[in-house]
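# Fold and geometry: a report
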Amino acid sequence: MNGVRSKGVNGQQQASSRVNGHGDGTASQGVDRDKGESSEDEPSTANGHTRRPLHGRKESNPLAPPFIVSAPGKTIVYGEHAVVHGKAAIAAAISLRSYLLCTTLSKSKRTLCLQFPDIGLDHTWHIPDLPWTAFKHSSRRKRYYDLVTTLDQELVDAMQPHITTVSAKAKPQVQQRHQQAASAFLYLFLSLGSENSPPCTYALRSTVPVGVGLGSSASICVCISTALLLQCRALSGPHPDQMSKEAEEQLERINRWAFVGELLIHGNPSGVDNTVATNGHAVLFQRKDYRKPPAVEILRDFPELPLLLIDTGQAKSTATEVAKVGHLKTAHPEVTGLVFDAIDSITRSAHSIVTGENPGSEASITHLGELMTVNHGLLTSLGVSHPRLERLRYLVNESGVGWTKLTGAGGGGCAITLLKPGASSSSDSHLNGDGAQGSALQELELQLEAEGFAKYETTVGGDGVGVLSPALICGEEIDQEIFLGAEGREGVEALVGGGRDRDAWKYWRP
């Protein structure tokens, strides 16, 4: 079997995080900042974002050059809801990603700054003022290689005076999101760093939509975990000559600490999201006993396939949909049991394809797509679809370009469409010579836009966490001002995405 089994997700689960940043040294427990550093040189503008000459930065970088860490979001491809009741599911990485730029500051600055402009978070701590005594006490100190499966409440409490000042004047919902992100980052920083850690700015940009079940927090946590482990020299990769076992061990180390971040954000995460964001490709997971971590098989041969990710714009509640299925199971245990068994059979059939001889062949893709159609029908029988999802499926079916199913809890939210071989985005249909398929997809995209659906062209099954070190693409230095100035998801992807300079990014590939 072409997978790698572990006892659980990361040995358990993973962390969600944010980015640290740089400040001006005026904070005691913390100050929010509104503006970043400016440049001495006059920047130029090209292709929608600001360009800076290679040596045009104001700050000196005596300790280390800036670097960027990136990790993907995820989608559940097969097995929603049945997985809650002990059956298997497959989740896969999507090419929508989070990016964390780490900029080391001069030694005279003793500050740690988070800049997450996509959610409006901008906060600075003074490194010497942080609760090092609590985190470095001999009875509580954790090493980078330790397996951490629970939070130390005394350490969480020790952080609180430094968390309550984060976005203190923001609206409650915004403040909660900012403080969760800051908690995830600061717990990892205090666990892996020291009073002598270099001052640094952590700037985060993400192309993963938030709050729609695509693993955005896990993607960020993986970025934070990786960046901090690199800075404390607990990772040696990735590099082309790295042995497979070493790459696996380092991915597991990243995954474990990312899970810790997820604990601070979600309380009781499954660990699946961070495992997908770390390893990429896809995972088969199953949790028969909720007192134990799930069994996870990493599917490294899962083919990278073109996908439309479509947001219905209909708000949904995961808890409500899960409870709905739970009530149905209580009322009709035999019937729902058979539905869960059928969904499990779909997941197992998909697993046999992606671990088989030619998972990327046209026949295999067709098989996977047909399984998605049946999976959606079974989920509909459980009552977790929505008129917007059914309208979306009708439009895709009429276009003939692919196979569609809801992803996640349902009741609204997102759906995924696996494109048929020969279908392509409207922007490049003229390149592949398949005018009929390209035209059909273009018409579908226009229809989706007219009816208020938000569409993201992506792929499923690609790489996990990656590093761009130094932060150079096509000879251009990506500094903080350029990075933060990129406009929207498209601007971020155009600036630092792998499409510009695929060889510049390095990935752990066991």
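Placed above this text is the structure.
Owing to the predicted nature of the structure, the values given are computational and were not obtained by experimental measurement.

Moving on: the pairing of strand E13 (residues 402–407). Counted residue by residue, E13 has 6 buried out of 6 residues, so it is predominantly covered. The pairing of E13 with strand E14 (residues 414–419) spans 6 bridges and is antiparallel. What sits directly across from Trp403, in E14, is Leu418.

Attention now goes to a nonpolar patch on the surface. Together, Val84, Tyr290 and Val322 give the surface a local cluster of nonpolar side chains, amounting to about 240 Å² of exposed area. Note on placement: Val84 falls in the loop between strand E5 (67–78) and strand E6 (88–104).

With that settled, consider the pattern of salt bridges. If you walk through the whole model with that rule in mind, you get 12 salt bridges. With a closest N to O distance of 2.7 Å, Glu451 and Arg391 form a salt bridge. Placement of the pair is Glu451 in the loop between helix H12 (435–450) and strand E15 (454–460) and Arg391 in helix H10 (residues 387–399), with a sequence separation of 60 residues. Look at Arg391 and you get partly exposed, because its relative accessible area is 33%. Between Glu445 and Lys455 there is a salt bridge, with the nearest N and O atoms lying 3.7 Å from each other. Of this pair, Glu445 sits in helix H12 while Lys455 is found in strand E15, placing the two residues 10 residues apart along the sequence. Three or more residues are tied together by salt bridges with common partners; here these are Glu445, Lys455 and Glu457.

Turning our eyes to something else, we now look at the side chain of Thr404. Residue placement: Thr404 occurs in strand E13. Reaching out from Thr404, the side chain makes a polar contact with the side chain of Thr417 at a distance of 2.6 Å. In contact with Thr404, other than residues within four places in its own chain, are Met372, Thr373, His376, Arg393, Val396, Ala415, Ile416 and Thr417.

With 20 residues, helix H9 (residues 362–381) extends 29 Å between its outermost C-alpha atoms, agreeing within 8% with the 28 Å of an ideal straight helix rising 1.5 Å per residue. Among all positions of H9, only Ser364, Ile365, Leu368, Gly369, Leu371, Met372, Asn375, His376, Leu378 and Leu379 are buried. Positive phi appears at Gly383, one or two residues downstream of H9, with a value of about 85°.

Turning our eyes to something else, we now look at the side chain of Ser364. Secondary-structure assignment places Ser364 in helix H9. Within polar-contact distance, the side chain of Ser364 engages the backbone oxygen of Asn358 at 2.8 Å. Sequence-distant contacts of Ser364, that is, excluding residues within four places in its chain, are made with Ile353, Asn358 and Pro359.

Between Ser469 and Pro470 the backbone carries a cis peptide bond, its omega angle lying at 0°. By secondary structure assignment, the location of Pro470 is in the loop between strand E16 (466–468) and strand E17 (472–473). In the Ramachandran plot, Ser167 falls in the positive-phi region, its phi being about 50° despite a non-glycine side chain. The topology assignment puts Ser167 in the loop between helix H2 (153–163) and helix H3 (172–192). Positioned with a positive phi, Cys474 is a non-glycine residue whose angle comes to about 55°. Within the fold, Cys474 resides in the loop between E17 and strand E18 (476–477).

Thresholds, definitions, all that
Residues numbered from 1 in each chain as written. Predicted model: local features only at pLDDT ≥ 70, side-chain atom pairs only at ≥ 80, totals over all residues. Heavy atoms only, no water. Buried < 20%, exposed > 50% of the residue type's maximum accessible area, 1.4 Å probe, protein only. Helix = DSSP H or I, 4+ residues; strand = E, 2+ residues; numbered from the N terminus. Pairing = 2+ DSSP bridges. Patch = residues over 30% accessible without salt bridge, like charges linked within 9 Å, V, L, I, M, F, W, Y side chains within 5 Å. Areas by Shrake-Rupley, 256 points an atom, 1.4 Å probe, with all protein chains shown as cover. Salt bridge = Lys/Arg side-chain N within 4 Å of Asp/Glu carboxyl O. Polar contact = N/O pair within 3.5 Å; in protein donor to acceptor, adjacent residues only side chain to side chain. Contact = heavy atoms within 4.5 Å. Expected span 1.5 Å × (residues − 1).

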